[in-house]
Amino acid sequence: MRMRAEKDGIGIMDLPEEALYGINTLRALGNFPLSGRSIASHPDFIHAIATVKQAAARANSEIGALTQEQAEAIFAACEEIKAGKHDDHLVVDMLEGSGGTSTNMNVNEVVANIAARHSGRSAGDHTAVHPNDHVNLGQSTNDVVPTAMKLAVFRALAQTPEALRQLAGAFRQKEREYATLLRLGRTCLQDAQPMTLGQAFGGYAAVIARHADQLDMLRQQFLTVPLGGTAIGTGFGARQGYKAAVFQHLRALTGADVNPAGNPFDGMQNMDVCARLSAELRNSANSLWKIANDLIILSSGPAGGIGEITLPSVQAGSSIMPGKVNPVIPMAVCQVAFAVTGNDAAIALACQQGLLEINHYELLVCDRLLDSINLLTRSAIIFLDRCVRDLIGNETPSHQHLLSSSALATALVPTLGYAQVSEIVRTALAEQRAFLEVALEMGLLTDDEVKPILHSAATALTGE
């Protein structure tokens, strides 16, 4: 293997001739072999950081800090990076401990070496386009990485609210489909009052839609970025006119209304918007967790459980018990919620631990936020496609459970009075008989009166 030598302020190291990264990246590979996930494992982040480099190159050309040839060479190299052509060279670990410097330099080095190759030079020949002097001109790691992270989150989050709205829509369809299927409502896992299965599904739809709206609102806050603040917020290192120009180009490249932080020091020091989004991702995942748990309970059985709904059979449930089918999709949704909750804990700690002028744990926040977004989006999609769309409400066990319970007792209080209904309940419990059986035997109601009474109790609020 042919090698090339590169030198930095620490010493000289040999790199493979075909490598597009340089010595800064190579040192990071040795220093941070942590997660096994490179920065290229998050395409939205790579797309975002390459977009930042493109905007900076064109801004610097516009103000005369770069030649047009240099700017276009950087721009073209970044287009290749955005297309995923050089992922094998974007190798720094997502959990690198350099506060993002290794990540920023990995990208700078790859961009410079692509430009060198395109101009007929070898990798490592930076006479035309230098990683620091040209690719990183007017920037620092401290404004590039948080800007790229925010733009990556904005891009990744585009699909999540829609995935949740589609899931909410599926539950609304089930709400309509089972609007008249009476069932036993339960509190504290104990018999409570009559309701319809459609009402339960309507509650699920409402909370999911609310989370979608919250995520849409929070997504817009990620268009405020600290680019132009360079190392600590003073803007030192960027030339006159750069900041206005770079935001103009950033808006054009992203098609979004990207704006600088109102206070650049705040923009570089604080990551509260990331903690806020992470908390809402956790809240959303936890709501799906609650719903998934409900479906697991309601589908339990079929012979030894509640069995009021039947979930689609998507795979065999056991390697030893023939015919067993498990609620694997709801269980997967629960598992995602556990992971998102863990990510939120890590993000909360990282956001809290900024020191003085910057937060040097941004890459951890980026990694966990993007992971949570992807997990939530995918879980909502499979929950809809592989479970909710084809679940079935079972009328016979639903009615049986309702009529065997004392839920009818509450519905009869307005007609018979609390004392008389209490006497029926006590008799039913003492004789271990169904409440309805005792009430019918005592002649206090007829079979024909039962369903209207239950329906009236279930729809009292809506007046249906």
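Residues numbered from 1 in each chain as written. Predicted model: local features only at pLDDT ≥ 70, side-chain atom pairs only at ≥ 80, totals over all residues. Heavy atoms only, no water.

S.K.: Before we move on, could you go through the state of the cysteines and cite the residues and values that matter?
M.R.: Inspection of the entire model under this criterion finds zero disulfides. Take Cys334: it sits in no disulfide, and the sulfur closest to it among the cysteines is that of Cys387, at 11 Å. What makes Cys334 buried here is its relative accessible area of 6%. Under the relative-accessibility criterion, Cys387 is labelled buried at 1%. (Disulfide = S-S within 2.5 Å. Buried < 20%, exposed > 50% of the residue type's maximum accessible area, 1.4 Å probe, protein only.)

S.K.: Talk me through unusual backbone geometry; I want residue IDs and the actual numbers.
M.R.: A cis amide bond links Gly301 to the next residue, Pro302, at an omega of 10 degrees. The topology assignment puts Pro302 in the loop between α11 (272-298) and β7 (309-310). Even without glycine at this site, Leu189 takes up a positive phi of about 60 degrees. Even without being a glycine, Leu356 presents a positive backbone phi close to 55 degrees. Of note, Leu356 is situated in the loop between α12 (328-352) and α13 (362-386). Using a relative accessible area of 73% as the deciding quantity, one classes Leu356 as exposed. (Helix = DSSP H or I, 4+ residues; strand = E, 2+ residues; numbered from the N terminus.)

S.K.: Report on the pairing of strand β4 (residues 190-196), specifying residues and quantitative values.
M.R.: Side chains on a regular strand alternate between the two faces of the sheet. Pairing between strand β3 (residues 182-187) and β4: five bridges, direction antiparallel. Bridge pairing in β4 places Arg186 opposite Asp191. Counting the residues that bridge the hairpin from β3 to β4 gives two residues, and of these Cys188 lies at a positive phi of roughly 55 degrees. (Pairing = 2+ DSSP bridges.)

S.K.: Explain the side chain of Gln54 to me, and be specific about the residues and the numbers.
M.R.: Following the sequence through the fold, Gln54 ends up in helix α2 (residues 43-62). Look at Gln54 and you get buried, because its relative accessible area is 0%. Every residue in contact with Gln54, bar those within four places of it in the chain, is listed here: Phe75, Cys78, Glu79, Lys82 and Leu253. (Contact = heavy atoms within 4.5 Å.)

S.K.: Describe the packing of aromatic side chains, naming the residues involved and giving the relevant values.
M.R.: Inspection of the entire model under this criterion finds six aromatic pairs. Each ring, one from Tyr178 and one from Phe201, has its centre 6.3 Å from the other, and the planes form 55 degrees; the classification is tilted. A residue pair is termed long-range when its members are at least 10 positions apart, and Tyr178 in the loop between α7 (160-177) and β3 and Phe201 in helix α8 (residues 197-220) qualify at 23 residues. Look at Tyr178 and you get buried, because its relative accessible area is 10%. Ring centres of Trp289 and Phe338 lie 4.8 Å apart, and the angle between their planes is 80 degrees; this geometry places the pair in the edge-to-face category. A residue pair is termed long-range when its members are at least 10 positions apart, and Trp289 in helix α11 and Phe338 in helix α12 qualify at 49 residues. A network of ring pairs unites the aromatic residues Phe171, Tyr178, Phe201, Tyr204 and Phe383 as a single cluster. Sitting over the ring of Phe75, Arg58 keeps its end group 3.6 Å from the ring centre. If you follow Arg219 out to its NZ or CZ, it ends over the ring of Phe154, 3.7 Å from the centre. (Phe/Tyr/Trp six-rings, centres within 6.5 Å; stacked < 30°, edge-to-face > 60°. Lys NZ or Arg CZ within 6 Å of the ring centre and 35° of its normal.)

S.K.: Account for the packing of α7 against α13, with residues named and values stated.
M.R.: One can describe the packing of α7 onto α13 by two numbers: an axis separation of 9 Å at closest approach and a directional angle of 25 degrees. The orientation of α7 relative to α13 falls into the category roughly parallel. As for how α7 packs across α13, the hand of that crossing is left-handed. In contact with Thr160, Ala163, Leu164, Gln166, Leu167 and Ala170 of α7, α13 contributes Ile373, Leu376, Thr377, Ala380, Ile381, Phe383 and Leu384. Here the contact of α7 with α13 is composed, by residue class, of ten nonpolar, three polar and no charged. (Axes fitted to C-alpha atoms, helices over the stretch in contact; angles between N-to-C directions. Parallel < 35°, antiparallel > 145°, perpendicular 65-115°, else oblique. Left-handed = near helix turned anticlockwise from the far one by under 90°. Nonpolar A, V, L, I, M, F, W, Y, C, P; charged D, E, K, R; others polar.)

S.K.: Can you tell me about the UniProt feature "domain: Fumarase C C-terminal" (unreviewed entry) in the protein chain, naming the residues and giving the values?
M.R.: Listed under "domain: Fumarase C C-terminal" (unreviewed entry) in the UniProt record, and renumbered for this structure, are residues 408-455. Span residues 408-455 is 81% helix and 0% strand, its end C-alpha atoms 10 Å apart. (UniProt positions renumbered as here; feature names shortened; annotations may be inferred.)

S.K.: Explain the packing of helix α3 (residues 68-82) against helix α4 (residues 101-118) to me, using residue names and the numbers behind them.
M.R.: Geometry of a packed helix pair, given as the angle between the helix axes and the separation of the axes. One can describe the packing of α3 onto α4 by two numbers: an axis separation of 9 Å at closest approach and a directional angle of 110 degrees. Comparing their axes, α4 and α3 come out roughly perpendicular. Between α3 and α4 lies a crossing whose hand is right-handed. Of the residues in α4, those in contact with Ala73, Ile74, Ala77, Cys78, Glu80 and Ile81 of α3 are Val110, Val111, Ile114, Ala115 and His118. The residue makeup of the contact of α3 with α4, split by class, is nine nonpolar, one polar and one charged.

S.K.: Describe in detail the environment of Pro194, supporting the description with residues and values.
M.R.: Along the chain, Pro194 turns up in strand β4. A relative accessible area of 7% means that Pro194 is categorised as buried. Residues Pro194 and Arg183, spaced eleven residues apart in sequence, show a C-alpha to C-alpha distance of 5.9 Å.

S.K.: Break down the pattern of salt bridges for me, with residues and values.
M.R.: Throughout the structure, instances matching the rule amount to 21 salt bridges. A salt bridge links Asp367 to Arg37; the shortest N-O distance between them is 2.4 Å. In this pair, Asp367 is assigned in helix α13 and Arg37 in the loop between α1 (23-31) and α2, connecting sequence segments 330 residues apart. The partly exposed category is assigned to Arg37, whose relative accessible area is 30%. (Salt bridge = Lys/Arg side-chain N within 4 Å of Asp/Glu carboxyl O.)

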